[in-house]
Structures are given as C-alpha cells and as structure tokens.
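# Observations on chain architecture
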Amino acid sequence: MGSTSSMLTQYDIEEVQDHCNHACESRTVTVDLIPFADPVCSDLISSHAWWELVSQQEIVSLYHRFCQLDRNGGGFVSADEFMSVPEFAVNPLSQRLLRMLDGLNFKEFVAFLSAFSPHTSLQQKIEFIFKVNDTDCNGKVAFEDILSILRDMTGSFMTEQQRQKVLMHVLEEAGFTEDSHFTVPDFMKILGNSDLKMEVEVPVD
C-alpha cells in the first residue's frame, strides 16, 4: 500500500489482516513507551483485542488515523510527522523509537501497533524491549546501553549512582555483571519472571 487514498478496498483490508496475522507471530510489545493520547491518535489502540484478529471496521478506523498523520499523502509516516504528535515528541524515548517508526506504510503501522497487545506473549514483549535497547542493531546489548535507557526514562528523578545500583541489582540477581553483553535469551533470563504491563490507555473519540 503505497500512497494513501480516501478509502480502503476489500482487498486492501484483507491484505492488512493477513500482514498483521503473520507479523504478530514475530513482533513484540513494549512498556508504556508511546502515549497515543493526542486526539489525532485516539482509537489507535482500542479497548478490545483488534490485534488478536483485526476486524475490517478497526482497520478502517486505524486507516483514518494513519491518513491524519500522513499529512503529505505519500503513504508513509515520516519521523517529522510522528514528532508532530505532542505526546510523542515529549516522550523521553521518542528518538529511540523513531528509528523503528520512520517511514512505515499502513500495513507496517498497524503491525507495529499490534505489538502493544495485552495478549502478546512475554517472550515477544521482551524481544521488543531488547530491540529498543539494541541501538546499533548488532544483536547485543551492553550495560551502558541499558543504563542509557534508564537515564532517558528517569531523568533527574534518580541520580546516576541510584540508576547504576538498581541496574546492577537486577543483573546480579540473574547472574550477570556490568561487563556482560546481553542477547535476547539473556533478556529472557533477566525479565522472564516479571509481569510486564503493555497496555496503553487511549481516550476514545
């Protein structure tokens, strides 16, 4: 689906459904990373499980939101267009997420949002969190990479010493040190017993 138009065909809708069904097998979820509270983005994530089996009505609703973000009508949402959403722009992790969001077409846009499903497995959630931390996309995450995320998220609410102490405690409990380089299975070991919350509260129009 390249350029956007005012409506979706039946074929378009079924194509998006098929794409999401396949994407959900490998995509993941994250923890309160994108606050889609802006009116432009309301209904992006509904209170029911559209991600489990995306209905035609839900795809049409998401398409209207996508078109509002895709202001130049090119069929892709750019980083600048995402940054036009105030709640996203001020999010401390927005710059990290932009590398995953920039240039998404509609199918990719819906598949990305499906990562926020409360029905997504813990493994998928952890894989997504790993991807956010793996800024150079080499399949490994260092202590400093995780610490950098903590800096972004905590800001002045924690000192550097407190951040390091908290992180070291979590890693040591899982049998790692600050010299370790972590892979997805390592993240599973560290976070595998946690109850990660992946829901995003969104007001409905």
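Residues numbered from 1 in each chain as written. Predicted model: local features only at pLDDT ≥ 70, side-chain atom pairs only at ≥ 80, totals over all residues. Heavy atoms only, no water.

### Focus: the nonpolar core
- Ranked by internal contacts, the top residues of the largest apolar core, which has 28 residues, are Phe82, Phe88, Leu101, Phe106, Phe109 and Phe112.
- Of all the secondary structure elements, the ones that give two or more residues to this core are helix 1 (10-23), helix 2 (56-69), helix 3 (79-83), helix 5 (94-101), helix 6 (106-113) and helix 7 (122-133).
- Counting residues in each nonpolar core, the second largest holds 15 residues, with Val141, Phe143, Leu171 and Phe176 among its members. (Core = buried A, V, L, I, M, F, W, Y, C linked by side-chain atoms within 4.5 Å. Buried < 20%, exposed > 50% of the residue type's maximum accessible area, 1.4 Å probe, protein only. Helix = DSSP H or I, 4+ residues; strand = E, 2+ residues; numbered from the N terminus.)

### Looking at the UniProt feature "domain: EF-hand" (unreviewed entry) in the protein chain
- Taking the UniProt record as the reference, the feature "domain: EF-hand" (unreviewed entry) is found at residues 57-92 and 121-156.
- Taken end to end, residues 57-92 is 61% helix and 0% strand, and its first and last C-alpha atoms sit 33 Å apart.
- Overall, residues 121-156 shows 67% helix and 6% strand. The separation of its end C-alpha atoms is 33 Å. (UniProt positions renumbered as here; feature names shortened; annotations may be inferred.)

### Focus on helix 6
- Of all eight residues in helix 6, seven are buried, a share of seventy percent or more.
- Restricting attention to buried positions, one finds in helix 6 the residues Phe106, Lys107, Phe109, Val110, Ala111, Phe112 and Leu113.
- Two to three positions downstream of the cap, the backbone nitrogen of lysine 107 sits 3.2 Å from a side-chain oxygen, assigning the N-cap of helix 6 to asparagine 105. (Polar contact = N/O pair within 3.5 Å; in protein donor to acceptor, adjacent residues only side chain to side chain.)

### Concerning the packing of helix 2 against helix 6
- At a minimum axis distance of 10 Å, the contact between helix 2 and helix 6 shows a crossing angle of 110°. The angle between helix 2 and helix 6 places the two elements in the roughly perpendicular class. The element helix 2 and its partner helix 6 pack so that their crossing is right-handed. Mapping the contact onto sequence places Ile59, Leu62, Tyr63, Phe66 and Leu69 in helix 2 and Phe106, Phe109, Val110 and Leu113 in helix 6.
- Residues belonging to the contact of helix 2 with helix 6 are distributed by class as follows: nine nonpolar, no polar and no charged. (Axes fitted to C-alpha atoms, helices over the stretch in contact; angles between N-to-C directions. Parallel < 35°, antiparallel > 145°, perpendicular 65-115°, else oblique. Left-handed = near helix turned anticlockwise from the far one by under 90°. Contact = heavy atoms within 4.5 Å. Nonpolar A, V, L, I, M, F, W, Y, C, P; charged D, E, K, R; others polar.)

### Re the side chain of asparagine 105
- Along the chain, the position of asparagine 105 falls in the loop between helix 5 and helix 6.
- A residue is classified by how much of its surface remains accessible, and asparagine 105, at 12% relative accessible area, is buried.
- Within the structure, asparagine 105 has its side chain in polar contact with the backbone nitrogen of lysine 107 (distance 3.2 Å).

### Things to note about the packing of aromatic side chains
- Under the counting rule described, the total for this entry stands at seven aromatic pairs.
- Relative to phenylalanine 109, the ring of phenylalanine 82 lies with its centre 6.4 Å away and its plane at 35°, an arrangement referred to as tilted. With phenylalanine 82 in helix 3 and phenylalanine 109 in helix 6, this residue pair connects regions lying 27 residues apart in the sequence. Both residues of the pair, phenylalanine 82 and phenylalanine 109, count as buried.
- Aromatic ring contacts, followed pair by pair, group Tyr63, Phe66, Phe82, Phe106 and Phe109 into a single cluster.
- Here the basic side chain of lysine 189 rests over the ring of phenylalanine 176, its NZ or CZ set 5.4 Å away from the ring centre. (Phe/Tyr/Trp six-rings, centres within 6.5 Å; stacked < 30°, edge-to-face > 60°. Lys NZ or Arg CZ within 6 Å of the ring centre and 35° of its normal.)

### Things to note about the pattern of salt bridges
- Under the counting rule described, the total for this entry stands at five salt bridges.
- Where glutamate 160 meets arginine 163, a salt bridge forms, and the shortest distance between an N and an O atom there is 3.0 Å. Taken together, the positions of glutamate 160 and arginine 163, both in helix 9 (residues 160-173) and three residues apart, correspond to about one turn of that helix.
- Owing to a relative accessible area of 26%, glutamate 160 belongs among the partly exposed residues under this scheme.
- Three or more residues are tied together by salt bridges with common partners; here these are Glu144, Arg151, Glu160 and Arg163. (Salt bridge = Lys/Arg side-chain N within 4 Å of Asp/Glu carboxyl O.)

### A look at the packing of helix 8 (residues 143-154) against helix 9
- Following both chains from N to C, one finds helix 8 and helix 9 inclined at 130°, their axes separated by 10 Å at the closest point. By the angle between their axes, helix 8 is oblique relative to helix 9. Considering how the two elements wind past one another, helix 8 and helix 9 form a crossing that is right-handed. Contacts between helix 8 and helix 9 involve Phe143, Ile146, Leu147, Leu150, Arg151 and Thr154 on the former and, on the latter, Glu160, Arg163, Gln164, Leu167, Met168 and Leu171.
- Here the contact of helix 8 with helix 9 is composed, by residue class, of seven nonpolar, two polar and three charged.

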